[in-house]
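What follows is the residue order along each chain.
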Amino acid sequence: MGSSRWSNYISALPRQPYSLLYWTRAELDRYLEASQIRERAIERITNVIGTYDDLRSRIFSKHPELFPEEVFNLETFKWSFGILFSRLVRLPSMDGRVALVPWADMLNHSCEVETFLDYDSSSRGIVFTTDRPYQAGEQVFISYGRKSNGELLLSYGFVPKEGTNPSDSVELLLSLKKSDKSYSQKLEALRKHGLSASQCFPVQITGWPVELMAYAYLAVSPPSMSSQFEKLAAAASNKTTTRKDMRFPEIEEQALQYILDSCESSISKYSKFLQESGSMDLDVTSPKQLNRRLFLKQLAVDLCTSERRILFRAQYILRRRLRDLRSGELRALTLFNGLRKLFK
Ligand SMILES: C[S@@+](CC[C@H](N)C(=O)[O-])C[C@H]1O[C@@H](n2cnc3c(N)ncnc32)[C@H](O)[C@@H]1O
């Protein structure tokens, strides 16, 4: 490596990138059970290990003289991916191609700046133009992209302070009910559009996407609406143009209640973890192990607190809409009964 022009750069890279790639399965289960980011981490780890196993059986093991085990092993492979996930830069001027940009990748992320790295064809180099003035000696930040706290933890191993990330979101899991009379018809419509019986949708502090609403409408729609299943599945998968004004007043209340139920079940998982986290780490044998556990737990507590905060907001909005809908219905019913009495 010493002969490489990149040797100084490579030796300055962290020995263990901070990312969920380095959490064990037991740590993911213990600390991130409430968050959907756990599934993303498991998927990512499985993919990295799967890719390594595939390369080892097809190439490394057949050419050990070119790929010696002491260099091309799972640990170094994982390290390389950890480095890539935490340092790759997407370059908009090069059709979004990704690159490792030595030294520029030493810049830390701030959710408050809109400064991105990009390729500049006139100087044939990577440039970044800051969106604010900096004093000499002040730390300069860039943006790693509009990512949620969960995505930042997944790839970069840190969680911004609660309430400071305007791009923060939480994945809400919605599922078709197995007892639904139209279960198989709905599932068929979903599959046709690349979705499944359980689906995650991002919820932000400002609200939720129309795709989530379409999925909820589909989940609660009665068999009499079967002609709409296809259209709703398409809207849930973001494959339709007519979804902006999609409303079904006859099942709106059920759809909102269905989202609220999912939201509340998710909130209770977060609350359980946050409540139990105080007394979680007493069963350790070494100070090193204790330090690691406390560090990971703090990251998990920060993530879960920020995700639950978004769900609390969604819960508030949903309850208010339901209350308005129900009081509107009640007013209409009272009016109707009044008129009936009048004509008796
Ligand atoms: C592209 S590197 C940034 C440079 C890093 N300080 C270094 O020299 O290795 C990304 C890593 O920096 C750290 N990092 C970046 N921004 C951060 C922030 N706002 N808070 C905490 N850690 C941050 C995380 O460990 C992340 O995995």
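An unreviewed UniProt entry lists the chain under the name SET domain-containing protein, with Eucalyptus grandis given as the organism.

Asker: Tell me what's going on with the nonpolar core, and back it up with residues and numbers.
Answerer: Leu20, Trp23 and Leu32 are the most contacted members of the largest nonpolar core, which totals 76 residues. Sorting elements by how many residues they give to this core places helix 10 (residues 287-343) first, with 12 residues. Split by domain, the residues of this core number at least three in each of domain 1 (7-156) and domain 2 (169-343). For Leu32, the residues in contact, after removing those within four places along its chain, are Leu20, Trp23, Glu27, Ile37, Arg38, Leu153, Ala300 and Leu303. In terms of nonpolar packing, the next biggest core, distinct from the first, is built from 10 residues, Val89, Leu107, Leu117 and Leu152 among them.

Asker: Tell me about the domain arrangement of the chain, and please be specific about residues and values.
Answerer: We note that the domain assignment places domain 1 (7-156) and domain 2 (169-343) within the chain. Distance from the C-alpha centre of domain 1 to the C-alpha centre of domain 2: 31 Å. With 17 residues of domain 1 at the interface, the matching set in domain 2 holds 21 residues. Across the domain 1/domain 2 interface, buried area totals approximately 1600 Å², and carbon plus sulfur atoms make up 60% of it.

Asker: Quick one: what's the story with helix 4 (residues 74-87), residue by residue and with numbers?
Answerer: Each full turn of the α-helix corresponds to 3.6 residues, which orients residues three or four apart in the same direction. Compared with an ideal rise of 1.5 Å per residue, which puts 14 residues at 20 Å, helix 4 spans 20 Å between its outermost C-alpha atoms and is within 8% of the ideal. Taken together, the buried residues of helix 4 touch helix 1 (7-12), helix 3 (37-58), strand 1 (89-91), strand 2 (97-99) and helix 5 (149-156). Of the residues that open helix 4, the one with a side-chain oxygen 3.1 Å from the backbone nitrogen of Glu75 is Asn73.

Asker: Account for unusual backbone geometry, naming residues and giving values.
Answerer: One non-glycine residue, Trp103, lies in positive phi territory at about 75°. In this structure, Trp103 sits in the loop between strand 2 and strand 3 (108-109). For Trp103, a relative accessible area of 48% puts it in the partly exposed group. A positive phi angle is found at Arg124, which is not glycine, with a value near 50°. Note on placement: Arg124 falls in the loop between strand 4 (118-120) and strand 5 (125-127).

Asker: I'd like a description of the environment of Ser57, backed by residues and values.
Answerer: You can see Ser57 is positioned in helix 3. Within the structure, Ser57 has its side chain in polar contact with the backbone oxygen of Asp54 (distance 3.2 Å).

Asker: Can you lay out the pattern of salt bridges for me, pointing to particular residues and giving the numbers?
Answerer: This model, assessed by the stated rule, comprises 18 salt bridges. The partner of Glu162 in a salt bridge is Arg309, with the nearest N and O atoms 3.8 Å apart. One end of the pair, Glu162, is in the loop between helix 5 and strand 7 (169-175); the other, Arg309, is in helix 10, with 147 residues separating them in the sequence. A relative accessible area of 45% places Glu162 in the partly exposed class. Here Arg323 and Asp324 are joined by a salt bridge, their closest N and O atoms 3.7 Å apart.

Asker: Could you give me a rundown of the side chain of Ser155, with the residues and numbers involved?
Answerer: Looking at where Ser155 falls in the secondary structure, it is placed in helix 5. Sequence-distant contacts of Ser155, defined by excluding residues within four places in its chain, comprise Tyr18, Ser19, Arg44, Phe85 and Ser86.

Asker: Now, about the packing of aromatic side chains: what can you tell me, with residues and values included?
Answerer: Inspection of every chain in the model, using the stated rule, returns 14 aromatic pairs. Between the aromatic rings of Phe67 and Phe72, the centroid separation amounts to 5.0 Å while the plane-to-plane angle is 85°, which identifies the pairing as edge-to-face. Their ring planes at 55° and their centres at 5.0 Å tell us that Phe77 and Phe81 sit as a pair that is tilted. You can see Phe77 and its partner Phe81 sitting in helix 4, 4 residues apart, about one turn around the helix. For Phe77, a relative accessible area of 13% gives the class buried.

What counts as what
- Residues numbered from 1 in each chain as written.
- Predicted model: local features only at pLDDT ≥ 70, side-chain atom pairs only at ≥ 80, totals over all residues.
- Heavy atoms only, no water.
- Core = buried A, V, L, I, M, F, W, Y, C linked by side-chain atoms within 4.5 Å.
- Buried < 20%, exposed > 50% of the residue type's maximum accessible area, 1.4 Å probe, protein only.
- Helix = DSSP H or I, 4+ residues; strand = E, 2+ residues; numbered from the N terminus.
- Domains from an automatic or database assignment.
- Contact = heavy atoms within 4.5 Å.
- Buried area = accessible area lost by both parts, 1.4 Å probe.
- Expected span 1.5 Å × (residues − 1).
- Polar contact = N/O pair within 3.5 Å; in protein donor to acceptor, adjacent residues only side chain to side chain.
- Salt bridge = Lys/Arg side-chain N within 4 Å of Asp/Glu carboxyl O.
- Phe/Tyr/Trp six-rings, centres within 6.5 Å; stacked < 30°, edge-to-face > 60°.

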